[in-house]
Amino acid sequence: MTIPSTFGLPQIILLILFIASIGFLISALTSLRRRPPEKYIDEDGWARYHHGRRHFRWGHGASGVVLLVIALLLLWVASLAQVYTGLNSDIKVAQVHATSVANMQHMMSVEMTLYDSSGHTTSTQTYLVSGDEWMLQGDIIKFPAWLNVLGLHSGYKLTRLEGRFDDPNLESNSKHTVITLNGGDDGFFKTTQGLPWITPFVQAAYGNATFLQPDGKTYNVVVSQSGLYPKPAM
């Protein structure tokens, strides 16, 4: 997934949050400094000095730590989400032209072009795939609504091209063609599925796929909020 990296209101909010957390921590730490001694005269007329006690500002310290942790977590999520395509609208992620290979059963030639979030071509490859249908798979990560305000929207990343057999017996026993795209399932996707504490920052993470027969036509593969779907190229 490739969420465009820009410096706008979301990044300004994160920066303010980070600066505020540092300010609270500094305020709490400076309260530990010993105050200058206060001079006074005792009953015998001798000059005495009173050293004030140091009081740690627990409220400021705790607020600073909480804000700092939140800011760092948000920055961590935002940085790792840069490899996903933002799902603000329907986005063309690939174009596929697949044809059956003559005199070879259950074999097809798949020409595939991949695109980034701006619609620019990132790669064009032709693959020999075993199966009766070509299948594109990918990962979807959905962020909660409150993170949308900070510029983090649901994202999608193509991860695999596979062959799929119509016959269940062949599907169970035949050798499958599996081609990894964009590095496959990344560590961020796997992390979101295995750590409960990340739930406030990631609403859902799941796989999605679409498949078609190699009919010789060209299809644009589009991803939307509901997942992948192919449509004939115009």
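The numbers attached to residues start from 1 for each chain and follow its sequence in the written order. Owing to the predicted nature of the model, reporting of local features is limited to residues with pLDDT of at least 70; listing and counting of side-chain atom pairs is limited to 80 or more, with chain, interface and lining totals taken over all residues. Think of the side-chain values as coming from all heavy atoms in the structure, minus any hydrogens and water.

**Some remarks on the overall build of the protein chain**
Piece 1. Of the regular secondary structure elements, the protein chain holds five helices and 12 strands.
Piece 2. Throughout, a contact is declared for two residues whenever any of their heavy atoms are within 4.5 Å. Relative to all contacts within the protein chain whose residues are 6 or more apart in sequence, the contacts with residues 24 or more apart total 64%.
Piece 3. Each accessible area is a Shrake-Rupley result for a 1.4 Å probe, and residues are judged covered by the shown protein chains and nothing else. By element, 57% of the accessible surface of the protein chain is carried by carbon and sulfur atoms, the whole surface being about 13,600 Å². Where helices and strands are cited, they refer to DSSP runs of H or I of at least four residues and of E of at least two residues respectively, numbered from the N terminus.

**A look at the nonpolar core**
Piece 1. We call a set of buried Ala, Val, Leu, Ile, Met, Phe, Trp, Tyr and Cys residues a nonpolar core when their side-chain atoms join them within 4.5 Å. The rule is simple: take the accessible area with a 1.4 Å probe, protein chains only, and divide by the maximum for that residue type; under 20% is buried, over 50% is exposed, in between is partly exposed. Met 112, Trp 134, Leu 136, Leu 161 and Leu 181 are the most contacted members of the largest nonpolar core, which totals 22 residues.
Piece 2. Listing elements by their share of this core, those giving two or more residues are strand 4 (91-100), strand 5 (107-115), strand 6 (121-130), strand 7 (133-142), strand 8 (155-164) and strand 11 (215-224).
Piece 3. The dominant element in this core, judged by the number of residues it contributes, is strand 4, at five residues.
Piece 4. What Leu 136 contacts, discounting residues up to four positions off in sequence, is Ala 94, Val 96, Met 112, Arg 160, Leu 161, Leu 181, Asn 208, Ala 209, Thr 210, Val 221 and Leu 228.
Piece 5. Ranked by size, the runner-up nonpolar core spans six residues in total, among them Ile 141, Phe 143, Val 202 and Ala 205.

**Remarks on the sheet that holds strand 4**
Piece 1. DSSP bridges decide pairing: two strands pair if at least two such bridges lie between them. Read across the sheet, five strands follow the order 6-5-4-11-12 without closing on themselves; strand pairing throughout is antiparallel. Each end of this open sheet is capped by a strand with a single partner; those strands are strand 6 and strand 12 (227-232). The mean angle between the axes of side-by-side strands here comes to 25°, regardless of whether they run parallel or antiparallel.
Piece 2. For strand 4 and strand 5, the ladder comprises seven bridges, and the chain directions are antiparallel. When the bridges of strand 5 are listed, Val 96 appears paired with Met 112. Orientation is described by lines fitted to C-alpha atoms, with helices fitted over the stretch in contact, and by angles between N-to-C directions that extend from 0 to 180 degrees.

**Comments concerning the side chain of Thr 113**
Piece 1. Counting through the fold element by element, Thr 113 comes out in strand 5.
Piece 2. Pairs of N or O atoms are called polar contacts if they sit within 3.5 Å, as long as, within protein, a hydrogen donor faces a hydrogen acceptor (for residues adjacent in sequence, only side-chain-to-side-chain pairs). At 3.2 Å, the side chain of Thr 113 forms a polar contact with the side chain of Thr 124.
Piece 3. The residues contacting Thr 113, other than those within four sequence positions of it, are Val 93, Ala 94, Gln 95, Thr 121, Ser 123 and Thr 124.

**Regarding the pairing of strand 7**
Piece 1. Burial runs high along strand 7: nine of the 10 residues are buried.
Piece 2. In this sheet, strand 8 lies alongside strand 7 in antiparallel orientation, the contact comprising nine bridges. When the bridges of strand 8 are listed, Trp 134 appears paired with Gly 163.
Piece 3. With nine bridges joining them, strand 7 and strand 10 (residues 204-212) adopt antiparallel strand pairing. Opposite Gly 138, over in strand 10, you have Asn 208 as the bridge partner.

**Details of the pattern of salt bridges**
Piece 1. A pair is scored as a salt bridge if a Lys or Arg side-chain nitrogen falls within 4 Å of a carboxyl oxygen belonging to Asp or Glu. Applying the stated rule across the entire model yields two salt bridges.
Piece 2. Residue Glu 133 pairs with Arg 164 through a salt bridge whose shortest N-O separation is 2.5 Å. Residue Glu 133 is found in strand 7, and its partner Arg 164 is found in strand 8; the two are separated by 31 residues along the sequence.
Piece 3. Since its relative accessible area comes to 9%, Glu 133 is described here as buried.
Piece 4. The exposure class of Arg 164 is partly exposed, given its relative accessible area of 26%.

**Some details on unusual backbone geometry**
Piece 1. A positive phi angle, near 60°, is found at Asn 103, a position not held by glycine.
Piece 2. Along the chain, Asn 103 turns up in the loop between strand 4 and strand 5.
Piece 3. Judged by its relative accessible area of 83%, Asn 103 is exposed.
Piece 4. Despite not being glycine, His 106 has its phi angle at roughly 55°, a positive value.

**Points about the pairing of strand 11**
Piece 1. Taken together, the seven bridges between strand 4 and strand 11 define a ladder with antiparallel strand orientation. In the sheet register, Lys 92 faces strand 11, and the bridge partner there is Val 222.
Piece 2. Relative to strand 12, strand 11 is paired through six bridges, and the arrangement is antiparallel. Across the sheet, residue Asn 220 finds its bridge partner in strand 12, namely Lys 231.
Piece 3. Connecting strand 11 to the antiparallel partner strand 12 that follows it, the hairpin turn spans two residues.

**Topic: the packing of aromatic side chains**
Piece 1. Only Phe, Tyr and Trp rings are paired, with Trp represented by its six-membered ring, and only when their centres lie within 6.5 Å; those with planes under 30 degrees apart are stacked, over 60 edge-to-face, the remainder tilted. In this structure the tally under the stated criterion is zero aromatic pairs.
Piece 2. Geometrically, a charge over a ring is one whose NZ (Lys) or CZ (Arg) sits within 6 Å of the ring centre while staying within 35 degrees of the ring normal. For Lys 92, the ring lying beneath its charged end belongs to Tyr 115, and the centroid distance is 4.5 Å.

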